[in-house]
Number of protein chains: 2
Amino acid sequence: MKITIKEIAKEANVSIATVSMVINKKDQNITEVTRNRVLEVVKKYNYIPNAMAGSLVTQRTHIIGLVLPDITNPFFPGIARGAEDKANEKGYSIIFCNTDDKLEVQEKYIESLTKKMADGIIIAHSSSSEKMPEILERCKVPIILIDRDFDSESICGKVLVNNSKGAHMAVSYLVEQGYKKISYLSGPLKTRTAYERLEGYKKALWDNEIQFDEKLVKFGEYKIEWGQKGVKELLEEQEDFDAIFCGNDLIAIGAMKELKKKGYRIPEDIGVMGYDDIYIASLVEPSLTTVRQPNYQMGYKAMELLEERLKKAPGSYNAPSEMKTITLDTEIIVRNSVKTNKKVKP
Amino acid sequence: MKITIKEIAKEANVSIATVSMVINKKDQNITEVTRNRVLEVVKKYNYIPNAMAGSLVTQRTHIIGLVLPDITNPFFPGIARGAEDKANEKGYSIIFCNTDDKLEVQEKYIESLTKKMADGIIIAHSSSSEKMPEILERCKVPIILIDRDFDSESICGKVLVNNSKGAHMAVSYLVEQGYKKISYLSGPLKTRTAYERLEGYKKALWDNEIQFDEKLVKFGEYKIEWGQKGVKELLEEQEDFDAIFCGNDLIAIGAMKELKKKGYRIPEDIGVMGYDDIYIASLVEPSLTTVRQPNYQMGYKAMELLEERLKKAPGSYNAPSEMKTITLDTEIIVRNSVKTNKKVKP
DNA sequence: CTGAAAGCGCTTACAG
DNA sequence: CTGAAAGCGCTTACAG
């Protein structure tokens, strides 16, 4: 069936050791002539070495496990793509797994990855659980955490997003545009994102010497409907607001819909900021200004971190002192072509 | 470092052959006592066998390559998820690759998968190329094609979508609702999808004894802007139409936007059908009726096909006679809560 | 019912 | 500069 190193060696009249060296470019000590002879035979038979056999002796598979809740959730493809790009660059392959945020499933995948001798694991850990599954604790390979923070001895790196800073940027941007009474239509407070963004919102107000008014902060769901409802509530309660910082893009879309329905112009009358910069937002509300999550970067950086770790000797993997955390910043995407008339004077 | 079968065997006072048999459940011939002794030691040391070592002798890695243009394109996560679910069910892992529709990249990935001894490959082949890359032709493992058709000896299965039938269903649905002058706002005709959907559109008209009118068919891009522009054109040209079948959801969104702007009510005055059923559509136009692509099914079925093939002996893989094609049907997703007043009488 | 041995396809000291 | 040999961690006939 498939041709092996043995056949190549025989055909080229050299030992398999020589073939191996030529193929792996460890051939400083091989004559030009021999090398070429080998290379020719390799080409002639389209010989592709069996990496698994090699892995068995090198103890490196160049396989990385990427454990995500669900690739179908628009949040994750960017991460996957980033990780895959970096992996490819460095000669790694990525096995991906969908856990649906279920701990048993996650455990099963970790075990499968362990069996298949993955060199490392990048994981967006299930938020639902308070404790790291035992199997991860026991896991012998380097683990990089993404997006969701978590403390554990066995983690060798983290790549997180600065939600608080993102919110701070968003609110500061609104202030810069001249808005002063900024409402926050948040997602559910029990989510870490909502909480962190609330912190950023408060800090931005503080930094700009704007009084925090809790009546302007409302908690709902990360859905379009909540954006509509939230705006309705604000209007009904006759709150005095001139801008809305929305917990995510869906809320922003809902808010804009409702505002437009009531006859407000955006951003002239009322400013609106989204968060997450999902594809949909730019299609539905082409003028929506949003905070973009660095998803691609997150995946890319995670893989980068992992690769650096893997360059080291297997022994020194999980020294806790070696833990590295990267916190990525978000970015403001301004799409408003219309100028607000609330611009502050320079 | 990691414990091996040798240690387990020694600790349990049996040979490694026995341990292997117990672990792989080929233990019909092993005494209850021996088995338990082995199992105990396995548990004690949390022994997880090295699958790669096994693969070397069984010639099966239980790794499948999934080659896609770009996981970031909303069309693909569903496919990936479907494939992964089935793979997981059957004990396979999936390595995923993004080719960006570039042939060189695709070749590189195929080679990498070959090196890593993937048992099979599921591929959405780059549309840009006319010929199958040589490396795929040479590829020794079973290959399943998804979404994009292509002829090649080395293909052992295909999972495609019946675009023509999908369009037929969509147009028939509109007819059923009482609409009679149905326009088709298509994507670019050079794409296979646009062409096939056009065929379905024509056939549906024919089957319902409606005269085909080429002035009602317009080709543009798969974008919101084209939906708006297309409607504008139809109105300006004073075409007589009472429904629009749109080439995809984005076009449908644009069309609905424009129609509403001009004061038409949907679906009372004018019916609109989308195609693809992307997430965005249901958010933006909650009442839009669409044709749903069976993406998840496509991935799932592809993996199923592959797994069946892999159960057979390695020798019989690529017999062309064994080629199986699965054509999946689309599904109409009706979201209109409002009833059209054009309903045909029963 | 269980074990000794061969072998999967490589890499890597080590000798020469 | 190149080859013989050991070994990576398993599975699988084959003996007994």
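Structure: see above.
Residues numbered from 1 in each chain as written. Chains lettered and ligands numbered in written order. Predicted model: local features only at pLDDT ≥ 70, side-chain atom pairs only at ≥ 80, totals over all residues. Heavy atoms only, no water.

Q: Describe in detail the overall build of chain A, supporting the description with residues and values.
A: Secondary structure assignment for chain A yields 13 helices and 12 strands. For chain A, with 346 residues in total, the buried portion stands at 53%. Counting contacts in chain A only where the partners sit at least 6 residues apart, residues at least 24 apart contribute 70% of the total. Entry remark: accessible area of chain A is about 16,100 Å², with carbon and sulfur atoms responsible for 52%. (Helix = DSSP H or I, 4+ residues; strand = E, 2+ residues; numbered from the N terminus. Buried < 20%, exposed > 50% of the residue type's maximum accessible area, 1.4 Å probe, protein only. Contact = heavy atoms within 4.5 Å. Areas by Shrake-Rupley, 256 points an atom, 1.4 Å probe, with all protein chains shown as cover.)

Q: Talk me through the relation of the copies chain A and chain B; I want residue IDs and the actual numbers.
A: Superposing chain A onto chain B takes a rotation of 180° combined with a translation of 0.0 Å along the rotation axis, leaving an RMSD of 0.1 Å. The superposition of one copy onto the other is thereby described by a two-fold rotation axis. Every residue of chain A has its C-alpha some distance from the rotation axis, and the shortest such distance is that of I95 of chain A, at 2.1 Å. In this assembly the copies share their binding face: 100% of the residues contributing to the interface of chain A also contribute to that of chain B. (Least-squares fit on C-alpha atoms with pLDDT ≥ 70 in both.)

Q: Mind laying out the packing of helix α10 (residues 224-236) of chain A against helix α11 (residues 249-261) of chain A, listing which residues take part and the relevant values?
A: All names here are of chain A. Taken N-terminus to C-terminus, the directions of α10 and α11 make an angle of 45°; their axes are 6 Å apart at the nearest point. Relative to α11, the element α10 is oriented oblique. Pair α10 / α11 crosses with right-handed handedness. In contact with I224, W226, G227, Q228, V231 and K232 of α10, α11 contributes L250, I251, I253, G254, A255, K257, E258 and L259. Class assignment for the residues of the contact of α10 with α11 results in 8 nonpolar, 3 polar and 3 charged. (Axes fitted to C-alpha atoms, helices over the stretch in contact; angles between N-to-C directions. Parallel < 35°, antiparallel > 145°, perpendicular 65-115°, else oblique. Left-handed = near helix turned anticlockwise from the far one by under 90°. Nonpolar A, V, L, I, M, F, W, Y, C, P; charged D, E, K, R; others polar.)

Q: Pulling in residues and values, what's your account of the protein's contact with DNA strand D?
A: Surveying the vicinity of DNA strand D reveals 28 residues, the closest of which are T34 of chain A together with I5, S20, N24 and Y47 of chain B. Counted by atom, the contact set of DNA strand D within 4 Å of the protein is 76% sugar and phosphate. Note that a phosphate oxygen of DNA strand D is positioned 2.7 Å from one of the side-chain N or O atoms of Y47 of chain B. At the level of elements, α2 (16-23) and α4 (51-58) of chain A together with α1 (5-12), α2 (16-23) and α4 (51-58) of chain B are the ones that each hand at least two residues to the surface near DNA strand D. Sort the elements by how many residues they give to the surface near DNA strand D and α4 of chain B lands first, with 5 residues. Classifying every residue of the surface near DNA strand D gives 13 nonpolar, 13 polar and 2 charged. (Near = heavy atom within 4 Å. Polar contact = N/O pair within 3.5 Å; in protein donor to acceptor, adjacent residues only side chain to side chain.)

Q: Before we move on, could you go through the environment of I144 of chain A and cite the residues and values that matter?
A: Residue and element names in this part refer to chain A. Position of I144 relative to the elements: it lies in strand β4 (residues 143-146). For I144, a relative accessible area of 0% gives the class buried. The sequence separation of I144 and H125 amounts to 19 residues, and the corresponding C-alpha distance is 9.9 Å. If we ignore the near neighbours within four places in the chain, the residues touching I144 are I121, I122, I123, C156, G157, K158, V159, A302, L305 and L306.

Q: Account for the protein's contact with DNA strand C, with residues named and values stated.
A: Near DNA strand C, the surroundings consist of 27 residues, among which I5, S20, N24 and Y47 of chain A together with T34 of chain B are the closest. Between a phosphate oxygen of DNA strand C and a side-chain N or O atom of S20 of chain A, the distance comes to 2.3 Å. N24 of chain A places a side-chain nitrogen or oxygen 2.7 Å from a phosphate oxygen of DNA strand C. Only α1 (5-12), α2 and α4 of chain A together with α2 and α4 of chain B provide two or more residues apiece to the surface near DNA strand C. When residues in the surface near DNA strand C are grouped by element, the largest group, 4 residues, is from α4 of chain A.

Q: Describe the nonpolar core, naming the residues involved and giving the relevant values.
A: With 90 residues, the main nonpolar core has Y201, I244 and F245 of chain A together with Y201, I244 and F245 of chain B as its most contacted residues. Each residue touching I244 of chain A, except ones within four places of it in the same chain, is listed here: L174, S183, L185, V231, L234, A255, L259, I270, G271, V272 and M273 of chain A. Listed in part, the 54 residues of the second largest apolar core include F75, A80, V159 and L306 of chain B. (Core = buried A, V, L, I, M, F, W, Y, C linked by side-chain atoms within 4.5 Å.)

Q: So what's going on with α2 of chain A? Which residues, and what values?
A: All names here are of chain A. Buried residues of α2: T18, V19 and V22, and no others. For α2, the angular spread of the buried residues around the axis is 100°, confining them to a single face. Buried residues in α2 make contact with α1 and α3 (32-44). (Arc of directions from axis to C-beta.)

Q: Account for the sheet that holds strand β8 (residues 243-246) of chain A, naming residues and giving values.
A: Residues and elements named next belong to chain A. Read from one edge to the other, the open sheet built from 6 strands follows the order β7-β6-β8-β9-β10-β12, with strand pairing classed as mixed. The open sheet is flanked by β7 (217-219) and β12 (331-333), the only strands paired with a single partner. Sheet twist, expressed as the average angle between the axes of neighbouring strands with direction ignored, equals 20°. As defined by bridge partners, strand β6 (residues 182-186) adjoins β7 across 3 bridges and the pair is classed as parallel. (Pairing = 2+ DSSP bridges.)

Q: Requested: an account of the packing of α1 of chain B against α2 of chain B, with residues and values cited.
A: For any two helices packed against each other, the geometry is given by the interaxial angle and the distance between the axes. Residues and elements named next belong to chain B. As a packed pair, α1 and α2 sit with axes 8 Å apart at the nearest point and diverge in direction by 105°. For the element pair α1 / α2, the angle class is roughly perpendicular. Here I5, K6, I8 and A9 of α1 come into contact with α2, specifically with I16, V19 and S20. Of the residues belonging to the contact of α1 with α2, the class tally is 5 nonpolar, 1 polar and 1 charged.

Q: An account of the interface of chain A and chain B is needed here, citing residue identities and associated values.
A: Taken together, the 49 residues of chain A in the interface contact 49 residues of chain B. Summed over the shared surface of chain A and chain B, the result is 4 salt bridges. Counting every contact that joins chain A to chain B gives 18 residue pairs in polar contact (both at pLDDT 80 or more). Residues of the side of chain A that touches chain B, tallied by class, amount to 25 nonpolar, 12 polar and 12 charged. (Salt bridge = Lys/Arg side-chain N within 4 Å of Asp/Glu carboxyl O.)

Q: Describe the sheet that holds strand β7 (residues 217-219) of chain B, naming the residues involved and giving the relevant values.
A: All names here are of chain B. Strand order in this open sheet of 6 strands is β7-β6-β8-β9-β10-β12, and the pairing throughout is mixed. Either end of the sheet is taken by a strand with one partner, and the two such strands are β7 and β12 (331-333). Here the average twist between neighbouring strands, direction ignored, is 20°. Across 4 bridges, strand β6 (residues 182-186) lies against strand β8 (residues 243-246) in parallel orientation. Paired with I182 across the bridge in β8 is A243. Packing of helix α8 (residues 163-176) onto the sheet brings it into contact with β6, β8, β9 (271-276), β10 (289-292) and β12, and relative to β9 it is tilted by some 160°. Relative to the sheet, helix α9 (residues 192-207) contacts β6, β7, β8 and β9, its axis offset from that of β6 by approximately 175°.

Q: Which residues make up unusual backbone geometry, and what values go with them?
A: All names here are of chain A. A cis amide bond links I266 with the next residue in sequence, P267, at an omega value of 10°. Position of P267 among the secondary structure elements: in the loop between α11 and β9 (271-276). Unusually for a residue other than glycine, M117 sits at a positive phi of about 60°. Inspection of the secondary structure assignment puts M117 in the loop between α6 (103-115) and β3 (120-123).

Q: Any details on the pattern of salt bridges? Residues and values, ideally.
A: As enumerated under the stated definition, the model contains 52 salt bridges over all chains in all. The closest approach of N and O atoms between K181 of chain A and D240 of chain A, which form a salt bridge, is 3.0 Å. Of the two residues, K181 of chain A sits in the loop between α8 (163-176) and β6 while D240 of chain A sits in the loop between α10 and β8, which places them 59 residues apart along the sequence. The closest approach of N and O atoms between D269 of chain B and R265 of chain B, which form a salt bridge, is 2.9 Å. Of the residues examined, R265 of chain B reaches a relative accessible area of 48% and is grouped as partly exposed.

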